[in-house]
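# Architecture and fold: a report
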Amino acid sequence: STVDLDLPELKVLLSFLLAFGLGDRNDAVRNSARDAARDIVAAHGSSDEAISFFLPMFESVLSTGRAPELDGQLSPEKVPSTVTSSDRRKEGVVLSLGSIALHLKGGNEQKVDGIVDMLLGALKTPSEDVQSSVALCLSKLMKKGRTQERVEVILNGLMDECAHGSSLASQRGAAYGISAVVKGSGIATLKKYEIVRRLEESCSNGTPTSKEGSLFAIELLSDRLKLLFEPYVIVLLPALLKAFSDSSDHVRSAADKAVSQIMGKLSGHGVKLVMPAVLEAFDDPEWRTKQASILMLGSMSHCAPKQLASCLPKVVPKLTEAFSDTHPKVKSSAEDALGEICKVIKNPEISGISPTLVGALTDSSGTLRALEALIETEFVHAIDAPSLSIIVPVVHRGLRDRAATTKRYAALISGNICTMINDARDFVPYLPILLPDLKATLLDPIPDVRSISAKSLGSLTRGLGEATFPELRPWLLDTLRSDTGSSVERSGAAQGLSEILVASGARLTENVMLNEILPLKSHPKAQTREGVLWVLTFLPSALGQAFSSLIDESLPALLSGLADDNETVREVALRAGRVLVRSHGKANKDKILPSLEEGLSDEDYRIRVASLTLLGDLLGLLSGAKVGKANTDTQDDIRQAERAQAQIALSLGNETRKRVLSSLYLARSDTAAVVRQSAVQVWKAVVSVTVRTLREILSDLITQIVTALASGDPERTQVAGRCLGDIVQKLGDAVLPQIIPVLRDNLYDGDEYTRQGVCVGLAEVINCSSKEQMAKYIEILVKVVQDAISDEDDEVRRLASQCFQNLYNAVGARTLEEIVPSLLVAMESEDDNTKARALNGMTGILSVRSRELFPYIIPRLLKPPLTASHADALGSISGATPQTIHTNFNRIVPTFISELASFSDMDMDDEEKEREEAIRRNFSALCRNVDTVGVPLLISEISNKCTSDKESVRKESCWSYQAMIEGRKSQADYYEYVPVILRELLHRLNDDSTIVLKANQKALGALTTCVPAESLVEHLGYIKNVIGSMVSDARYRKGGVGDGDFFLPGLNIPKGMEPLLPIYQRGVLYGDAAVRETAATGLGELIKVTQTKFLAGPFLIKLTGPLLRIVGDRNPSNVKIAIVQTLGLILTKGGPVLRAFVPQFQTTFVKALSDPSRQVRIEAIKALALLMPLSTRVDPLIKELVSTSLGNGSSATAESAGLVAIQTATLEALAVVLKHGGKKVKIAESIPNSLDAGTDLINHEDDGVRESAAKVIGEACNLLGPDTADSILKQLIVDDASSLSSCSPETKHGMACTTRRIFSRPVGGEVDRETYETVSSVMQTLMADDKVMCKESACVALGAVLGSSTDVASSIATFEKSMLKCMDTKEELVVQQSAAKGLCIAAKLQPGVFVTQDGLALTNGALKMALSGAQRVQFSYNDFLWLALDVEKGEEGLQEYLSIAHFDSQKKMQQVFSKVLFKMKGMTFDDM
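Here's what I pulled together on the structure shown here. (Residues numbered from 1 in each chain as written. Predicted model: local features only at pLDDT ≥ 70, side-chain atom pairs only at ≥ 80, totals over all residues. Heavy atoms only, no water.)

On to the overall build of the protein chain. In terms of helices and strands, the protein chain carries 73 helices and zero strands. Counting every position in the protein chain, which comprises 1472 residues, the buried fraction comes to 55%. Partitioning the intrachain contacts of the protein chain with sequence separation of at least 6 by distance along the chain shows that 72% fall at a separation of at least 24. In the structure as shown, the protein chain presents an accessible area of about 63000 Å², 49% of it carried by carbon and sulfur atoms. (Helix = DSSP H or I, 4+ residues; strand = E, 2+ residues; numbered from the N terminus. Buried < 20%, exposed > 50% of the residue type's maximum accessible area, 1.4 Å probe, protein only. Contact = heavy atoms within 4.5 Å. Areas by Shrake-Rupley, 256 points an atom, 1.4 Å probe, with all protein chains shown as cover.)

The next thing to look at is the side chain of Arg172. Looking at the element boundaries, Arg172 is found in helix 8 (residues 168-185). Residue classification places Arg172 among the buried residues on the basis of a relative accessible area of 11%. Every residue in contact with Arg172, bar those within four places of it in the chain, is listed here: Glu128, Gln131, Phe216, Glu219 and Leu220.

Moving on to the packing of aromatic side chains. For the coordinates displayed, the defined rule picks out nine aromatic pairs. Aromatic side chains Phe1303 and Tyr1316 sit 5.7 Å apart centroid to centroid with 70° between the ring planes, which places their arrangement in the edge-to-face category. Here Tyr1316 lies in helix 66 (residues 1313-1326) and Phe1303 lies in helix 65 (residues 1289-1303), a separation of 13 residues in the sequence. The exposure classification of Phe1303 matches that of Tyr1316, with both residues buried. Every member of this aromatic cluster is reached through a ring pair, and the members are Phe896, Phe923 and Trp959. The ring of Trp959 carries Arg920 above its face, with NZ or CZ at 4.7 Å from the centroid. The ring of Tyr1316 carries Arg1313 above its face, with NZ or CZ at 4.1 Å from the centroid. (Phe/Tyr/Trp six-rings, centres within 6.5 Å; stacked < 30°, edge-to-face > 60°. Lys NZ or Arg CZ within 6 Å of the ring centre and 35° of its normal.)

Position of Val1017 among the secondary structure elements: in the loop between helix 51 (1013-1016) and helix 52 (1020-1036). Of the residues examined, Val1017 reaches a relative accessible area of 11% and is grouped as buried.

Moving on, we come to unusual backbone geometry. In this structure, the amide linkage connecting Pro864 to the following residue, Pro865, adopts the cis form with an omega of -10°. Secondary-structure assignment places Pro865 in the loop between helix 43 (832-861) and helix 44 (868-880). Phi is positive for Lys1055, close to 55°, though the residue is something other than glycine. Among the structural elements, Lys1055 can be located in the loop between helix 52 and helix 53 (1061-1070). The residue Asp1430 is not glycine, and still its phi comes out positive at about 50°. Tracing the chain through its elements places Asp1430 in the loop between helix 71 (1415-1428) and helix 72 (1436-1444). Here Asp1430 falls in the partly exposed class, since its relative accessible area comes to 31%.

Attention now goes to the nonpolar core. Counting residues in hydrophobic clusters, the biggest one holds 360 residues, and the most contacted among them are Phe427, Phe923, Met964, Tyr974, Leu1060, Phe1394 and Tyr1421. Per-element accounting of this core gives the leading share, ten residues, to helix 43. Each residue touching Tyr1421, except ones within four places of it in the same chain, is listed here: Met1367, Gln1376, Ala1379, Ala1380, Leu1383, Ala1406, Met1409 and Ala1410. Counting residues in each nonpolar core, the second largest holds 54 residues, with Val112, Val130, Leu199 and Ala258 among its members. (Core = buried A, V, L, I, M, F, W, Y, C linked by side-chain atoms within 4.5 Å.)

For an α-helix, the turn length of 3.6 residues means that residues three or four places apart are oriented alike. For helix 23 (residues 447-464), with 18 residues, the first-to-last C-alpha span of 26 Å sits near the 26 Å given by 1.5 Å per residue. Of the residues making up helix 23, those classed as buried are Val449, Arg450, Ser451, Ile452, Ser453, Ala454, Ser456, Leu457, Gly458, Leu460, Thr461 and Leu464. At its buried positions, helix 23 is contacted by helix 21 (404-416), helix 22 (431-442), helix 24 (472-481) and helix 25 (487-504). Following helix 23 by one or two positions, Gly465 has its phi on the positive side, about 90°. (Expected span 1.5 Å × (residues − 1).)

Another point: the side chain of Lys1292. Its location among the elements puts Lys1292 in helix 65. Classification of Lys1292 as buried rests on a relative accessible area of 10%. At 3.0 Å, the side chain of Lys1292 and the side chain of Asp1329 are in polar contact. Filtering out sequence-adjacent residues up to four positions away, Lys1292 remains in contact with Leu1284, Ser1285, Cys1287, Leu1326, Asp1329 and Cys1334. (Polar contact = N/O pair within 3.5 Å; in protein donor to acceptor, adjacent residues only side chain to side chain.)

Negative charge collects at one region of the surface, where Asp907, Asp909, Asp910, Glu911, Glu914 and Glu917 lie side by side. Assignment of secondary structure puts Asp907 in the loop between helix 45 (889-901) and helix 46 (910-929). (Patch = residues over 30% accessible without salt bridge, like charges linked within 9 Å, V, L, I, M, F, W, Y side chains within 5 Å. Salt bridge = Lys/Arg side-chain N within 4 Å of Asp/Glu carboxyl O. Lys, Arg positive; Asp, Glu negative; His and termini not counted. Charge placed at Lys NZ, Arg CZ, Asp CG, Glu CD.)

Where charged atoms of side chains with opposite charge meet at close range, the side chains can pair. Taken as a whole, this structure holds 37 salt bridges when the rule is applied. For the salt bridge of Glu715 with Arg608, the shortest nitrogen-to-oxygen distance reads 2.9 Å. Of this pair, Glu715 sits in helix 36 (residues 714-731) while Arg608 sits in helix 31 (residues 605-623); the two residues are 107 residues apart in sequence, bridging distant segments of the chain. Accessibility expressed as a relative area gives 28% for Glu715, which makes it partly exposed. The class of Arg608 is buried, set by a relative accessible area of 4%. The structure contains a network of salt bridges with shared partners spanning Arg954, Arg983, Glu984, Arg988, Asp991 and Asp992.

Next up on the list: helix 40 (residues 778-789). An ideal rise of 1.5 Å per residue puts 16 Å on twelve residues; helix 40 measures up with 16 Å between its terminal C-alpha atoms. Burial runs high along helix 40: nine of the twelve residues are buried. Regarding helix 40, the residues found buried are Ile778, Leu781, Val782, Val784, Val785, Gln786, Asp787, Ala788 and Ile789.

Right, let's talk about the environment of Leu514 for a bit. Relative to the helices and strands, Leu514 resides in helix 26 (residues 506-517). The class for Leu514 is partly exposed, based on a relative accessible area of 32%. Separated by 36 residues in the primary sequence, Leu514 and Leu550 place their C-alpha atoms 8.4 Å from one another.

See below:
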């Protein structure tokens, strides 16, 4: 372009290029000629002359392929004229033609169109180079002339040719054309003319030819458009993947080329877009799709280096995964794809071992071999991204291998990779793959694997920076704190954290330790505390000397860990401490040693053991000695210990050495065996001659011993004492003059803790000294022991007692002779302080030598009168000798009780009151202090005094029981003797002394308060039997009341029954059936023997509540009977006080009427009768009873008890309610409704129901008056009198029952005489009935009729014959008994009538039956005679009878009266 050429020159030049250059066989010549022609036309073809010359020439060559005519300057014979040279000219001239077209100006549209058409036609040339050149020209001409108007037509034609072309060349050319048109027209053309959609359809659903053509177009579009085509790749990707699995080889080949072209042009963003779809296809179950995905992944090796590095971390693992596929073609494709990737590896070392690496990926058994190859390889060149893609999967597989060696090699390589790559960012994509595996190996059970994994994480942190692993440190901390992981996992996490912190720098390490890790040392979870200590195990070694700044903050965590309750935490703490000592001991001994010395005196023996271990390590480190060897007695060991001692003195200084060795020797006497053992091992390792060393350190050692003795810590005091004894044994006379004065001075000058320590030390000194040594210092020792044993501090005295014991063992009785007499003298001193100290000393001596001293001391102390000081002494002695004091109870207890009893009749002054108080106080102390083995003796001695004939002694015996029970409440060791105590106290309830009763009440109260009620309930039966026996004895002993009212004295005082109430309440509420029955019955018996005035209102309420609560429970019938009977007694005794409980009583009794047990129902009826005087609302009760009697009650109740039984009981209850509460009725219909119920049931099929219904009728008529009675009698009897023979037996029985019940009530005497006569006649008729049931009921009814007669004489005359007929031994026994019962009713209603001449015949008949009938018949007539003669008032009735009777009858009656009637007790006859 810089040379000016005229037209002729241009003609020659272009002719040469067209003829020879473009047709040459050499590619380089041809390419240069083509470029030259293109440049010449572009530079010089813009003029009209040039265009007019070049254009025809180019068109001619393009159409024929022949060279232009030469002007003679060039030889035409040498011009290449083959077909190949023609094609080459066409290719070259097309480029030139395209270049000349660019210069065509407006008005040449047709020419441009022609050139474009020529170029489109040239696309069919079967030459890739020609087609490529044509496409290049076409793209430039797309905006020249009218080409834009023809774009759609051109594209349609090219698309059609591309899909359906007749030859490969035409399809390929059309694809070039499409790419050129789109390139020249703009990227919008793709969307405007739906090029991509049409290509996708053709590629997916077309014929093999159309698929191949569309793939050509996709390939060339990607090549020509480059990045502009990336957005459409995602759309075409499924079609491309499908094409890979096409059955046509041509299609698959075209797809491979297209994908390779696409991958080579993708940007980083394009790779991110494509990768998910390709990976998704990889997971398709169809093997062809998976294979296509693999091929596409392999094609990514054509990506640019930067894009390749980003995609390989995802590609290679997928390919590796494909090696395990079951289909051989998938595996083969994966191998090929991996081979493609290996081809782009630039690192020669990796390239050399790539077959081994690939083999490891295809076969897992080669993993170890591949890792070994990597480790053995010496890398000179940096590892590139393709190399990483092959190495990382192998390492990944190695980290997951089961073999420890494989994991160890893999972890080692993981850590070293960062040092062998140029750009660390290439490794970052692989971290998500390797990091989980490194985390897993970090928690591996094998220590070596954990160690290398931790170092690898440290290397990665150092190479990539901690910011690359934002979640790693939090994960490690969480693992340390986790309470679900194992100790091994926490160890690995701590090691990994240590390496990461070291790699992150000292500042970060210190910050994390102080703010995140060390504060967790006191965490409540043991696992977290263990994690902290694991960090302290690994960090000191990893951090080196930089850890020195953290020692002060770490030591508290170590020491607290050594004392931890969890054994694992303690083990880890000790391990961490040993690491700290070994790695920093020499340089930081001044920091470490004080903490270890402090740990030697810690309360926790674990800390002491650990401190000794660490101290041994530190001393061994400083001296070079080996601590803990099995044999330390050889000459070599002794010499080594000498050297160690010298080295320690050199390192620590003499003063520190003495202090440390003193602490170490003190630890040899520790209370824990493991501490002693550890201390001995350390001592032997650093001390050669113990005695010599002791002399050197003696002053420091004694100072530490005295300090420990005065510490107040029992364990330290004991250790110091032991150590002191050990020193005495080893040094003997050399040390005693130095020790004893020190102990004596501290005893007199020190506080209580010091004095306690002195006693411990003194005991050890005495115990470890010989008799000869003791003899030298006996005077000092006796004085010191006496003063110590008299100390005011309890603990000092206890420890001094041991000194006394040791001294007694050493020198014998001389100890007692020296000390005891002086103490006895001091006890009589007037100085209170001296007396108190003497008493302290005496009790201290007795605590260890009681059996020897009791015979000497006890008689002197019990000498009457018992003084307050002696009583105090006995109380103190009992506290000091609880195991032996009971051996003297036979003297002590009677003396105490007798002394207390002596105060009862005494007019006491203040001194005597003080003495009494002292005796009581010390007797209580005696009861408290005695050991369990002495309790039976104590109870026995008190019991012996309970039966004394002196009331004061009995009173004090009761008080003694109270003191014993209250004093031993916490021990609760007398429960098995409770029956003995109960026996004595219950018998005191019948005592005739008020003061005894009150004392006994308090004792019983103490017993029921101090002993749990559930324990006392076990003795409830015993209590009931004792009380019953006692009451029975009191009734029937000489002078007793017999069956009369008897009230137990102990219950008939204010709150007399209250002490026993908790036992009965517990039994009623919580006992089983037997206990409940016993409790309820026993409670009733207590109420019987208690006067009403002593059953106060609140007390009765306490009794009533529990009974009402449990009576409705599912108890057996005997329990219910007992409870209902007791409730009846309470009602009898309580009266108006219980008015508030009436609704509960009423509900309880009515419910009991439906009970299956007949006796329960009977008791409920009786109780209702007792309740009526308190009840104010009778109408609802009557209504309920009427309803139930008619069968309208609960069906469930009816099923359980039987309807008939319920009706009977309910009618009986209704009759009782009407009798006792009928006058309180406020609703007029209540009584008539009751009467209706009775009349409805009077003819019931059950005889019991009829009898009960008759009772209701009788009580209702009595309340409603004679008119109602007349009406009922007419309705039920008179109206049926004429047809009596046709009536059923039930009806007849109902008549008789009705008659009896109406005429036995006062209203019967007011019945109309005519009705009376008719009823009398009916009853006489029924007395002759053939049914026994009717006959016996008529006999009873006739007695009631006779009793209600207004003309008794006339009535007797009328009824006498019928009555006497039934009083015949030939009649049924029940008839005979019924006749007697009827006579009883008559005698009750008409007193005295049977001792007159009118009733003499009936009386004589009864006398005959009383003498000759069956036994039960005799009993019935005896009852009648008792009533007729009114025996209750004396012999007046008998005399009246004798005055009118014959001699024989007189004799018989007198006999019956004297033998039977006079002996009969009071009789009640309520059944009227």
